[in-house]
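# Commentary on secondary and tertiary structure
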Amino acid sequence: MDATTSRTDEVIRRYVRREMTARNITQADLQKALGDRSKGYISDRVLGKRSWAISELDRIAHLFALPDALSLIAAASGSAGIAESSTATTVAEDDPQWIADHLDQFDIAAKHGDTEAEQQAYEELP
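What this report covers is the structure whose coordinates are included nearby.

Criteria and thresholds
All residue numbers refer to positions counted from 1 along the written sequence of the respective chain. Where local features are concerned, this predicted model is filtered to residues with pLDDT of at least 70; where side-chain atom pairs are given and counted, the filter is 80 or more; whole-chain, interface and lining totals use all residues. Just so you know, side-chain values use all the structure's heavy atoms and leave hydrogens and water out. Secondary structure elements follow DSSP: runs of H or I of four or more residues count as helices, runs of E of two or more count as strands, with numbering from the N terminus. Only protein chains enter the calculation, and the probe is 1.4 Å; a residue is then buried if its accessible area is under 20% of its type maximum, exposed if over 50%, and partly exposed in between. Working rule for contacts: check all heavy atoms of both residues, and any pair within 4.5 Å makes them a contact. Here, Shrake-Rupley sampling with a 1.4 Å probe gives the accessible areas, and only protein chains in the shown set may cover a residue. In this tally Asp and Glu are treated as negative and Lys and Arg as positive; neither His nor the chain ends contributes. Any Lys or Arg side-chain nitrogen found within 4 Å of a carboxyl oxygen on Asp or Glu counts as a salt bridge. The aromatic pairing rule takes the rings of Phe, Tyr and Trp, using the six-membered ring of Trp, and pairs them if the centres are within 6.5 Å, calling planes under 30 degrees apart stacked, those over 60 edge-to-face and the rest tilted. The criterion for a charge sitting over a ring is simple: Lys NZ or Arg CZ within 6 Å of the ring centre, and within 35 degrees of the ring normal. For a helix, the expected span equals 1.5 Å multiplied by the number of residues minus one. In protein, a polar contact means a hydrogen-donor-capable atom and an acceptor-capable atom, both N or O and within 3.5 Å, with residues adjacent in sequence counting only if both atoms are side-chain atoms; elsewhere, any N or O pair within 3.5 Å suffices.

### Concerning the overall build of the protein chain
Along the backbone of the protein chain there are 8 helices and 2 strands. Beginning at the N terminus, the succession of helices and strands in the protein chain can be written as α-α-α-α-α-β-β-α-α-α. Expressed as a percentage of the 126 residues in the protein chain, the buried residues total 29%. Of all intrachain contacts in the protein chain linking residues separated by at least 6 positions in sequence, the fraction that spans at least 24 positions is 45%. Surface accessibility of the protein chain: about 8,200 Å² in total, with carbon and sulfur atoms responsible for 52%.

Quick look at the structure:
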């Protein structure tokens, strides 16, 4: 990920790469779905050097058995290990780099509510 791509771009990149492998989808298949864009254009998106446009995700979603870009983004978000629950947001074990980059959140979550003092300290955090 560099200055031109976001965390969302990285999540989508990982999903697309993983699904391409699982479904035997080639960059040529993506190229065809996108109206014969150049190999470099496709490669930049698959490698995460450039962001996918929503309209492009709409046009490739069917290759991943999804109806549209929104479904692809939702699937990518779920595959990144991010899941909403009624009590907290959890991260699955399959994204160790994200966990490593956010250890401070796990330390707080593990202690959240253990004692009244810890609860008060947690609530005072910015």
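### Here we look at the side chain of D9
Position of D9 among the secondary structure elements: in helix 1 (residues 7-23). Buried and unpaired, D9 has no salt bridge, with R45 as the nearest side chain of opposite charge at 9.1 Å.

### Description of the packing of aromatic side chains
As enumerated under the stated definition, the model contains 1 aromatic pair in all. Relative to F64, the ring of Y15 has its centre 6.1 Å away and its plane inclined at 55°; by these criteria the two rings are tilted. With Y15 in helix 1 and F64 in the loop between helix 4 (54-60) and helix 5 (69-79), this pair connects stretches of sequence that are 49 residues apart. F64 shares its class with Y15; the two are buried. Stacked on the ring of Y41, the Lys or Arg R37 has its end atom at 4.2 Å from the ring centre. A cation over an aromatic ring shows up here: R45 above the ring of Y41, its NZ or CZ 3.6 Å from the ring centre.

### Brief notes about helix 1
The first and last C-alpha atoms of helix 1 sit 24 Å apart over 17 residues, in line with the 24 Å expected at 1.5 Å per residue. Taken together, the buried positions of helix 1 are occupied by D9, E10, V11, I12, R13, Y15, V16, E19 and M20. Of the residues that open helix 1, the one with a side-chain oxygen 3.3 Å from the backbone nitrogen of T8 is S6. One or two residues past the end of helix 1 sits N24, with phi positive at roughly 55°.

### Quick notes on the pattern of salt bridges
Here the structure, examined in full by the defined rule, presents 4 salt bridges. For E10, the salt bridge identified is with R13, shortest N-O distance 2.7 Å. On the criterion of helical spacing, the pair formed by E10 and R13 is a turn pair, its members being 3 residues apart in helix 1. Ionic pairing is found between E56 and R45, a salt bridge with its closest N-O pair at 3.8 Å. In this pair, E56 sits in helix 4 while R45 sits in helix 3 (residues 39-46), placing the two residues 11 residues apart along the sequence. Salt bridges sharing common partners tie together E10, R13 and R14.

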